[in-house]
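Architecture at a glance
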Amino acid sequence: MENTAVRGLAVVDKLYQDYGCRARELKNQGRRVLGYLCALTPVEIITAAGFSPFRLKGSVHEPIIKADAHMETIVCPLIRSCFDLALKGRYDFLDGIVIPHSCDSLTRSYSTIRYTLGLPYSHFVNIPHSTKDISLEFLKAELDTFRRSLGRFVRREITDEDLVRSIQLHNENRAKVKELYELRKPEPPLMSGAEVIRTLVAAMSLPVEESSQLLSSVIEEVKGREKKLSGSPRIMVIGAQIDDDAFIRLIEESGANVVADSVCVGSREYFPEAKTTVSPLEALAERYLRGVNCPRTYREFTGPTYQDDLEARFGHIGRAIREFQVDGVILYILKYCDPFGFEVPARMKYLESLNVPVLHLEDEYSMASIARLRTRIQAFLEMIAK
Amino acid sequence: MDYFAGVDIGSTMTKVVIMGQEVIASVVRVTKPEQRRLAYLTMSEALREANLSFDELTYVVATGYGRINVPFADKQLTEISCHARGVTSLVPGTRTIIDIGGQDCKGIKVAGGRVVGFVMNDKCAAGTGRFLELTARALGVKLEEMGELALTSGNPVEISSTCTVFAQQEVVSKLAEGVALSDILAGLHQAIASRILSLVNRLGIEPEVVVTGGGAKNIGLVKALERKLGFPIVLPPDPLLTGALGAALLGRDLVEKAQKEGSFPTRQERRLEEVKFFA
Amino acid sequence: MAEQKWPDKYPIEGRRGRKYGTVAAMKVAPMVKAAIGGAVEAKRQGKAVAYCFIESIYDEIIRAMDIVPMWTENYAGICGAKRDAQRFIDKADSLGFSRSLCTYATCGLGFDAWREELGEMPPNAPWGGQVKPDVMLSSGQIICDPRNKWYQACQQFMPDVPVYNCAALWPLYEDDLDRHDVEAYYVKYITEDLRGLVRFLEEHLHRKMDWERLWEVIKLADETTDLHVECRELRKAVPTPMDTGDAMNTMVAQCFLMGTKEAYDFFKELRDELKYKVEHKLGVVPEEKYRLIWPGGLPSWFALTDFNYFWSKGAVFPVESTYHELVYSTKDLDLPQTDDPLEHLAWKWIRRQTYWWDKAKKRPGSEPDVEKLITWIEEYKIDGVVIHEAYSCRSWHVGLLWQVNQLSKIYRPIPVLTLKGGKKEVVYRELPSLVLESDMIDISSYSEAETRAKIDAFIETLESIKSRRVEV
């Protein structure tokens, strides 16, 4: 950021409240902005092409007004909200949109989104479901198709060197987020879960270098804190794109600290790194197919027992629970979410095997349900209180 | 002597219980839009019944949908914790509680007197009192008589709609076809029982199963549930009061626990103030 | 062979009040029952049974290897048609599967969990029940998310049954993409994946693939598909000899029996029946007034009589998209020659899925699905569009609204005489469309009264447009 006088969480709040303000500024300065959704979008390729990647978010505070004329109501409510905000003009600074094969809701809405928004550029990255070696080979070719398509749009070749540099920048960015998360490990944590979500959301609207600078400034500020937060128990939130602090604040206001997560704007996106020891396309294919751990990706049954399979699929949650000393897990799934929806019993079974109490919530991505959520969260906290 | 009060503001009923070692007063009123005023009135009535003044209450716990509208409470706890506490005090072997309220339905799993799991449905009318209320109206039957009438059926008819709007259409057309009213009612109760059980089954249903809330007063529904479960259900004597009772008991538990540790749980600076309409 | 005598009046009365437009469609129910019962019997005899999804890429492979398929979507559809899916969906709910998920899957999962708990079929299981398989063959990818996750979820109750997840994908249409640029690596991936599938089946089911036999089955399947195309083309006639109501039955031969002689014979007979009807100008209904298209989406299996309701108003559906995703004439696909049957299957798959690309590129604003609609609207002389939004299926229903909206934007074929500022003017209107809403098998989402009211209103719209239509 140019202005160094205002840093850290103050900047986070500005970027969070007025989401997209920096992207709009950049656009006015002649920089190109490419919108995307989902942790499976290969942002490294977007950065390598000279775009600022901008992750779309929805709004839990605004009812859906314009989307219903174009998009079915059975679509994931988060995607509908993002689309609705786009229709309302919030994202009119976008030069294009890129979506990966995340789920049916997004894949089947691709035509709707691109025709209705009428952006100059759009692309769909066909990430396979299974993690076999042949899938990796396919994905390399598919990523190359994307690279060449973007290259045609910006009228220059995106070279392997461009990709290598971009991978480096994004890996550094991810390392910053991991550093930020370390601040959540102490008891009590140095940062509230709400602050972390706001920081992550602010970061996902920025070009990668600015995102890293922002994260550094936040880490610096929080490390130097005197104020201690009170309250226990320590909660981990598992879900998809939680891009508003309302839900996290609700948990924390009910008397807990959200200290860990497995969400799309958080650890799911940032923890896996791209290798630097192989060719860039190989590294990216590997990261997006096997690195990012998301229910839409089909991880082959390794066995021999079902419990072993659960460990292979969800072991990262068990590790987080141990590392962050988690007392309880809240599984926050949106209605109409197929990838997570089919996995709920398996996830519950896995957590049961760790003797960790779980609260499973199915919600609609809207503040209208806040009273219902409050009761459940409060009851859960009462239940696990010692 | 310490006295404890539990205030349960549900979506359809407001209840207050006052107890010392035993319950000395209990009041049930229909919830109206001005929850604060009603909370005040119901508490005042309960105090009169108990022959106590407000300041003689050691601890007040509020619960239910409207628990944030009880300014004179020391603590708010969810109806899940309160129902569990209230029911287990009345039925010692309780493992599963099914609370069928006016606008929601809950399942609570209990072990060792503590809540170990819960499920709720407060979004969809299927499986709640509202479903029955609306279909009763569509059929021209009094809500209180529905259950008994259903029991007279020998041949319950299959009702496929769980959406209240569609169900109303369905029952009206079945009535027009000449299907017996009791058979339709029995079918409705079966459909609701299925819906309730598929929700509560997420917890794993174990006896003793206790049904509370307004639904407990509907004998047709209780019998339908029993038939599907294959074993009898326990009904507490005052199914509407279990939440308020549990709230009072939890207040007492908190105070007793704190007194053992030589302290007192946090209390609000609270007064029972009359609340006027749009004062 | 003796001449088949076809009835000279249609529709024909079937069982339980359902009417049929063809004799062939009436034969289907016992065929399905035999298939389900066949799987139960096969299991009893120790034969290999696989859970399968329809319109996947492995029909020929399993037939060539004598594997008995258990079509899990089909079984759920039967439970739905018999109005006995609710208890299985309830069971899935109690296990933690949301009611907003694909109801085929929740019905199947509920059934399987119950069967495994009991150690035998649930009481009064429709048509003998769904057997426990030896393997499960997923094929999610671009087709459908539940297909990616369903069998994985089954493993919670059947951890000893292995799953193979097929790479049945295709490229999405892009303005700046020529399908020829990407076909090669898609085909390579799919071919290798099919090779993996064959190895998986050989290993887990203790048998070897007979490659000669596979080529024979492929040849039979391709000829069967060509017959099916012929049948579809015959429906262009006015009056139409067969409509979507029947197609929801005849799809069984396409989707559950592809690669078998039974399917080949079925479509041959259906072709002959339709030829007879066209020659003798026998339509599905005595007086055909409106011709409609069903652009996609699954029907309500418990309410197929809704098609009969359309018929009672003189409205018929000469063509539908659903279950025709793979029905293209083999020579049209212009497949590259190959000695590798798996590569042949991969090419067939990709070419079928990108069939409409080239045509779509020629019309601004068009996309393959929309281009197909326009082509068929013209070829089948269509007056209106009906879509059914099944609430639990995002895979096949999200995007239908867009298709219909885009169609109305770029295709306005109906000349209507209107008054504009006192002057008579010909204005071109889009086809009217109707949106029905419920689900494939969850009957609690359906209201017959409301559905019929919507249909009535739509018929009035069609009639009013017909009466104002002019010749130009």
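A few points on the structure. Think of each chain on its own: its residues are numbered from 1, step by step along the sequence as written. Written order determines the labels here, with chains lettered from A and ligands numbered from 1. Thresholds applied to this predicted model are a pLDDT of at least 70 for local features of residues and 80 or more for the giving and counting of side-chain atom pairs; totals over whole chains, interfaces and linings are not thresholded and use all residues.

**With respect to the interface of chain C and chain A**
Rules: A pair of residues counts as a contact when their C-beta atoms, built from backbone coordinates, are within 7 Å of each other. Each helix is a run of DSSP H or I of at least 4 residues and each strand a run of E of at least 2, with the numbering of both proceeding from the N terminus.
With 46 residues of chain C at the contact, the number on the chain A side is 48 residues. Contributions of two or more residues to the side of chain C that touches chain A are made by α7 (145-154), β6 (163-165), α8 (179-205), α17 (394-397) and α18 (400-410) of chain C. Sort the elements by how many residues they give to the side of chain C that touches chain A and α7 of chain C lands first, with seven residues.

**Details of the sheet that holds strand β7 (residues 105-111) of chain B**
Residues and elements named next belong to chain B. We apply this condition: At least two bridges found by DSSP between two strands are what make those strands a pair. In this analysis, axes come from line fits to C-alpha atoms, helices being fitted only over the stretch in contact, and the angle between any two N-to-C directions falls in the range 0 to 180 degrees.
Ordered by their spatial adjacency, four strands build an open sheet running β8-β7-β6-β9, and the pairing between neighbours is mixed. Each edge of the open sheet is held by one strand with a lone partner, namely β8 (114-121) and β9 (209-212). When strand polarity is set aside, the average angle formed by the axes of neighbouring strands in this sheet is 15°. Bridge count between strand β6 (residues 96-100) and β7: five bridges; the pairing is antiparallel. Bridged to Ile 100 within β7 is Cys 105.

**Looking at helix α12 (residues 305-312) of chain C**
Residue and element names in this part refer to chain C. Our working rule: Partly exposed residues are those falling between the two cut-offs: more than 12 but fewer than 20 other C-beta atoms within 10 Å of their own, whereas 20 or more means buried and 12 or fewer means exposed, with C-beta atoms placed from the backbone. As used here, the arc is the angular range of directions from the helix axis to the C-beta atoms.
Every buried residue of α12 is accounted for by Asp 306, Phe 307, Phe 310 and Trp 311. All buried residues of α12 fall inside an arc of 155° around its axis, so they share one side. Those residues of α12 hidden inside the fold are in contact with β2 (19-20), α10 (244-256), β8 (315-320) and α19 (448-468). Downstream of α12 by a residue or two, Gly 314 has a phi angle that is positive, lying close to 85°.

**Let's talk about the sheet that holds strand β1 (residues 32-36) of chain A**
All names here are of chain A. In space, the four strands of this open sheet follow the order β2-β1-β3-β4, with parallel pairing throughout. Two strands lie at the open edges of the sheet, namely β2 (51-55) and β4 (121-125), each paired on one side alone. Here the average twist between neighbouring strands, direction ignored, is 25°. Sheet topology places β1 next to strand β3 (residues 96-100); three bridges connect them, and they run parallel. Along β3, the bridge assignment pairs Tyr 36 with Val 98.

**A word on the interface of chain B and chain C**
To keep it simple, the criterion reads: Classification convention: Asp, Glu, Lys, Arg as charged; Ala, Val, Leu, Ile, Met, Phe, Trp, Tyr, Cys, Pro as nonpolar; all other residues, Gly among them, as polar.
Taken together, the contact between chain B and chain C spans 12 residues of the former and nine residues of the latter. Of all the secondary structure elements, the ones that give two or more residues to the side of chain B that touches chain C are α5 (164-177) and α6 (181-200) of chain B. Residues that form the side of chain B that touches chain C fall into these classes: three nonpolar, eight polar and one charged.

**Focus: the environment of Trp 170 of chain C**
All names here are of chain C. Among the secondary structure elements, Trp 170 is positioned in the loop between β6 and α8. Look at Trp 170 and you get buried, because 20 C-beta atoms sit within 10 Å. For the pair Trp 170 and Ile 142, spaced 28 residues apart in sequence, the C-alpha to C-alpha distance is 6.8 Å. Once residues within four sequence positions are removed from consideration, Trp 170 is found in contact with Ile 142, Tyr 186, Ile 350, Gln 353 and Thr 354.

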